[in-house]
Amino acid sequence: WTRRARRSGAAAAAAAAAGGLFACCAGLNLGDMIKFDIVRDFYQTVSLFFASIYTTAMAEAKTIWGNLSGLVSFDFSFVFPSISPIVIYVAIGVVAFILLVLFTWMACKTSSLNPDAIRDGHETKSWEQRAAEQKKTVFMIKMVLTACISAYLPVSRTAFQIVMCDATLGKALEKLSIGLTCTTLTAGPDDLEPQVECQCGDWDLYPIFMGAAAFLIAAITIYLPIKCYFLIKTNKPVGSREDPNMRYDEDGEPTAYTDQMYNTDIMTRPDQQRCPYLFLYKGYERKWAFYKVLVMVMKFLLVLPIIFLWKQPVLQSLITLILLGIFAASSFYTSPFINPQADHMDASGRVTAMLTVGFALISAPDVAPDSGSLMGLFVNVVQALNAVIMILLVLYGLPPVRTKIKNCLKQFSFEDTVLNQVGSLPDICPNWDIRKEVKHRVWHQFWDGLITARFDEDVNRRFGELKHITSDTGKHRILEHFAGMQDPAVAAQRAWVMQELEGVDVFWDGVPADGHLDSKTGFGKMYVKAYPFHCVMVYDDAKDHSFIWADQFMEFAAKNQSEDIRARRYIRRIIRALHGESCFNPFQRWESHTVPDGTETVTTTDSEGNTHTETRQKYATVQVLMQYTSGTMSVRANTDKPYAAGFKVSLNYSDGIGDAVAPSTGEHHTVHGSYSMPPAEFGLEDNFQMTPKLNELLNRPENQPKWQANMPALEQRDRAYRADLQEMRRQKESTINSAFWLNVYDNDATGREALENYLRTYEINPAVRGIPDEHASGLDYLFNRMQYVNAHPCAALWFILFDDLWEQNKDMAVVADNADLFNPGNSSSLAYKPMKRDEFAALMEEKGARTATKFFSDRALDVLYARMDELDEAFRNGGRRGETAV
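Just so we're clear, the structure is a prediction, and the values are computed from it rather than from any experiment.

Student: What is the right way to read the pairing of strand E8 (residues 523-530) from this model?
Tutor: On a regular strand, one side chain projects to one face of the sheet and the next to the other, so that they alternate. With 6 of 8 residues buried, E8 lies mostly within the body of the structure. Note that strand E7 (residues 503-507) and E8 share 3 bridges and pair antiparallel. By the bridge assignment, Phe 507 is partnered in E8 with Phe 523. Summarising the sheet, E8 and strand E9 (residues 533-539) pair through 7 bridges and their orientation is antiparallel. Counted as the bridge partner of Lys 525 is Val 538 from E9. Here E8 hands over to E9 after 2 residues, the two strands then running antiparallel side by side.

Student: Looking at this model, I keep getting lost on a nonpolar patch on the surface. Mind explaining?
Tutor: A contiguous nonpolar patch, built from Val 90, Val 94, Phe 97, Ile 98 and Val 101 and spanning about 460 Å² of accessible area, is present on the exposed surface. Within the secondary structure, Ile 98 sits in helix H5 (residues 85-113). Given a relative accessible area of 44%, Ile 98 falls into the partly exposed group.

Student: How should I be thinking about the sheet that holds E9 in this particular structure?
Tutor: Taken in spatial order, the 4 strands line up as E7-E8-E9-E10 in an open sheet, and their pairing is antiparallel. Pairing within the sheet leaves two strands with one partner each, and these edge strands are E7 and strand E10 (545-548). Geometrically, the sheet is characterised by an average inter-axis angle of 35° between neighbouring strands, direction not taken into account. Contacts between helix H24 (residues 488-501) and the sheet are confined to E7, E8 and E9, with E8 contributing the most and set at about 125° to the helix.

Student: Whenever I open this one, the pattern of salt bridges confuses me. Can you help?
Tutor: When charged atoms on two side chains of opposite charge get close, those side chains can pair. Under the defined criterion, the tally for this structure stands at 50 salt bridges. For Asp 780, the salt bridge identified is with Arg 752, shortest N-O distance 2.3 Å. With Asp 780 in helix H33 (residues 776-791) and Arg 752 in helix H30 (residues 752-762), this residue pair connects regions lying 28 residues apart in the sequence. The exposure class of Asp 780 is partly exposed, given its relative accessible area of 35%. We classify Arg 752 as partly exposed; its relative accessible area is 25%. Several salt bridges share partner residues, and in doing so they unite Asp 505, Asp 540, Arg 572, Arg 573, Arg 576, Glu 715 and Asp 718 into one network.

Student: Even after reading the chapter, I still don't get the nonpolar core, so can you show me in this structure?
Tutor: Considering soluble globular proteins, one finds that nonpolar side chains tend to be buried as a cluster. Ranked by size, the top nonpolar core spans 91 residues in total, and within it Phe 49, Leu 145, Leu 224, Leu 280 and Tyr 281 carry the most contacts. Contact partners of Leu 145, with chain neighbours within four places excluded, come to Met 106, Leu 224, Cys 228, Leu 231, Tyr 277, Phe 279 and Leu 280. Counting 71 residues, the second-largest nonpolar core is a separate cluster that includes Phe 446, Trp 447, Phe 802 and Leu 871.

Student: Looking at this structure, how should I read helix H23 (residues 475-486)?
Tutor: What sets the pattern is the α-helix's 3.6 residues per turn: residues three or four places apart point alike. Between its first and last C-alpha, H23 extends 17 Å over 12 residues, near the 16 Å set by a 1.5 Å rise per residue. Listed in full, the buried residues belonging to H23 are Arg 477, Ile 478, His 481, Phe 482 and Gly 484. Down the axis, H23 shows its buried residues gathered within 155° of arc, on one side only. Buried residues along H23 sit against helix H22 (457-473), H24, E8, E9 and helix H29 (740-745).

Cut-offs and rules
- Residues numbered from 1 in each chain as written.
- Predicted model: local features only at pLDDT ≥ 70, side-chain atom pairs only at ≥ 80, totals over all residues.
- Heavy atoms only, no water.
- Buried < 20%, exposed > 50% of the residue type's maximum accessible area, 1.4 Å probe, protein only.
- Helix = DSSP H or I, 4+ residues; strand = E, 2+ residues; numbered from the N terminus.
- Pairing = 2+ DSSP bridges.
- Patch = residues over 30% accessible without salt bridge, like charges linked within 9 Å, V, L, I, M, F, W, Y side chains within 5 Å.
- Areas by Shrake-Rupley, 256 points an atom, 1.4 Å probe, with all protein chains shown as cover.
- Salt bridge = Lys/Arg side-chain N within 4 Å of Asp/Glu carboxyl O.
- Axes fitted to C-alpha atoms, helices over the stretch in contact; angles between N-to-C directions.
- Contact = heavy atoms within 4.5 Å.
- Core = buried A, V, L, I, M, F, W, Y, C linked by side-chain atoms within 4.5 Å.
- Expected span 1.5 Å × (residues − 1).
- Arc of directions from axis to C-beta.

And the structure:
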């Protein structure tokens with residue numbers, strides 16, 4: 001085991017200052033916090049090597065890099081050797097105990113707070129709602145989990161050091177004169193202190209330490225990554241409810257769920273921003289959302305050879321190097337971070353860690369011990385280079401630095417809002433869908449800006465909800481919704497489902513989302529999504545769920561109106577009406593009971609040879625015929641939320657009585673018992689059809705009046721529940737009508753008269769209904785701009801060019817200095833003045849926005865004007881707005 005080399009106070013202070021700088025930068029939230037995670041993980045990892053690999057190269061590099069990494073990994077006994085290791089271990093133990101208590105609390109909270117939008121339906125509380133109602137609890141969950149992850153490696157390492165009887169701990173215990181001995185194994189090279197092995201087992205209290213360490217390994221080292229995995233899986237965004245890999249774009253058309261969409265969801269959706277587990281997966285590509293868990297697993301695997309092979313530095317370093325190589329290769333292959341700079345930082349750290357261990361291996365006593373000084377120099381160099389690279393990449397994440405670099409490179413960026421791609425003009429311009437780009441940049445931009453800036457929070461929330469619904473269900477479902485409203489039969493069935501059926505005790509045996517129905521009963525909870533209209537079925541006895549759309553809806557309604565299903569549903573309702581009631585249902589059953597059965601005399605001899613005689617009570621276990629009379633009916637759901645799925649029924653008896661006869665004495669004993677009768681025993685089967693036993697129970701004169709008396713209250717509660725849901729839907733419609741997305745936001749081809757007629761006729765909210773009057777000048781601006789871009793596809797392309805130039809590059813000096821030309825918000829903008837190539841090139845050169853290879857380069861102009869010619873030719877041949885040329 002490596003003993004710490006002597007370090008000067010100045011070196012320790014320098015490392016402490018560096019560590020403080022790291023902490024301050026992280027606390028200031030400079031740039032992307034994912035980069036600080038990378039720095040933390042790197043230095044925690046290399047701290048293992050500096051503290052535990054017994055080679056001269058590591059001793060040479062410990063002065064700065066060992067102290068810095070030790071601070072980041074909380075190895076204070078390494079950084080400050082004057083502090084007693086006992087104090088350090090006690091402190092870590094106290095911190096670990098506090099973390100365990102808090103982690104246990106957090107684990108219990110997560111099971112009850114985690115939203116499950118599909119299964120909970122209307123009763124779901126998103127993280128946005130949770131954060132508003134339980135702000136301190138949500139904040140504490142995040143802080144506890146952050147602390148646990150930050151302390152993961154230090155706590156795990158300490159636990160394994162206790163298991164292996166770390167020399168530092170052993171020597172400190174030896175000084176306490178508690179009977180523990182340490183032995184020097186080898187003197188080692190001059191620049192290394194000798195290896196020491198201690199016999200912690202000699203200490204009587206060491207098993208207690210071992211037990212505590214084992215518990216830490218189980219609770220933190222093993223369970224924490226597993227818990228984080230499921231938290232990520234449950235909370236990370238998905239494409240849509242029906243297909244996690246697919247989403248509908250802002251036009252309601254299907255598209256693959258990309259990393260960019262995933263990152264946009266993380267950065268903009270309120271429920272994601274308020275999620276306490278966001279930091280677990282934020283910054284990683286969607287398929288590598290679990291990367292932080294892999295990092296924890298990697299740390300755990302590295303601890304094993306570092307701790308357990310401490311006597312064999314060559315094998316220790318070799319296995320560590322192999323593990324680092326495997327993880328580095330997988331990291332290079334996957335590039336798990338959304339930000340490329342984070343990938344570069346991670347790669348730099350991986351390579352540096354491998355080189356550090358490689359140089360340590362070369363300088364091992366059994367390999368080339370004389371190369372220690374040279375290898376130590378190499379370790380210092382690669383560590384310094386890595387620190388510089390990481391600092392530069394962190395600084396690159398700062399907006400002013402990025403802008404400065406962009407200005408130096410003299411390259412404009414452009415975006416395809418349909419394909420969600422960003423690149424140079426030659427890469428983006430040929431693929432622009434002119435019609436959709438105009439729709440997004442003019443029509444959508446106007447309505448997004450108007451509602452965001454001029455309307456209250458309720459309108460903004462409802463508007464955002466309509467757009468989110470579109471991304472989840474698609475335009476085809478929205479068209480189905482309004483088609484159903486025009487069909488009297490469908491509209492009548494929709495009304496019946498919402499007014500009479502929605503809630504629990506609903507039947508559906510269609511194919512669920514996963515393609516296989518696991519439910520035996522077919523019954524469960526059903527809730528309605530009123531726009532676009534569909535029913536969601538979650539089952540009582542399975543994890544299945546079904547989305548019931550227009551193609552199945554009429555069949556679904558008909559089944560629940562059939563005599564058979566009505567009869568089965570009514571039986572369930574009777575059982576619910578008996579919940580908490582005592583039901584007369586006498587029966588007998590044989591049970592085992594233990595009763596007194598005489599006495600026995602026992603003689604024992606103590607340690608001093610004295611005999612003692614005592615009389616003890618004997619017991620016997622016998623079969624008793626128990627008589628039960630009345631039980632309390634219990635109906636439980638799967639969760640404690642109102643109207644949750646689940647129909648767990650039992651009849652619970654506590655009045656059992658029987659006569660037990662002792663086999664030896666023949667004495668009679670009255671015994672009492674309790675019994676929870678499963679539904680099958682009183683005749684309630686999975687199909688909920690009436691059986692003779694069930695009929696007898698329900699129609700006994702002692703029981704029938706109870707459920708008959710309770711049934712009206714049960715029905716009234718259900719009606720009130722549905723009435724509340726209807727009122728909630730009415731309020732949403734009165735804020736913004738569901739038809740707004742289809743008739744306004746998506747309808748860029750509409751005329752002004754039709755638009756104003758819709759708003760005045762169908763919108764209830766006075767503010768929305770008053771848009772034609774209150775925002776007439778804004779509508780003038782909108783329709784004038786639409787008239788311009790629709791006049792000719794080249795005019796549309798020209799506008800798109802400058803709209804995107806401004807949006808993507810307005811922070812660049814050459815663009816900001818010429819805002820009068822480049823900003824489409826100015827009437828003098830070039831966006832409204834298409835120009836011939838020679839004139840445009842000359843003007844751009846004059847304004848400093850063009851050279852042969854920079855900004856509006858020769859290649860960029862070639863691509864731009866080739867697209868202009870293509871669109872013009874298509875227009876002359878009868879096309880409109882560039883559709884035929886896309």
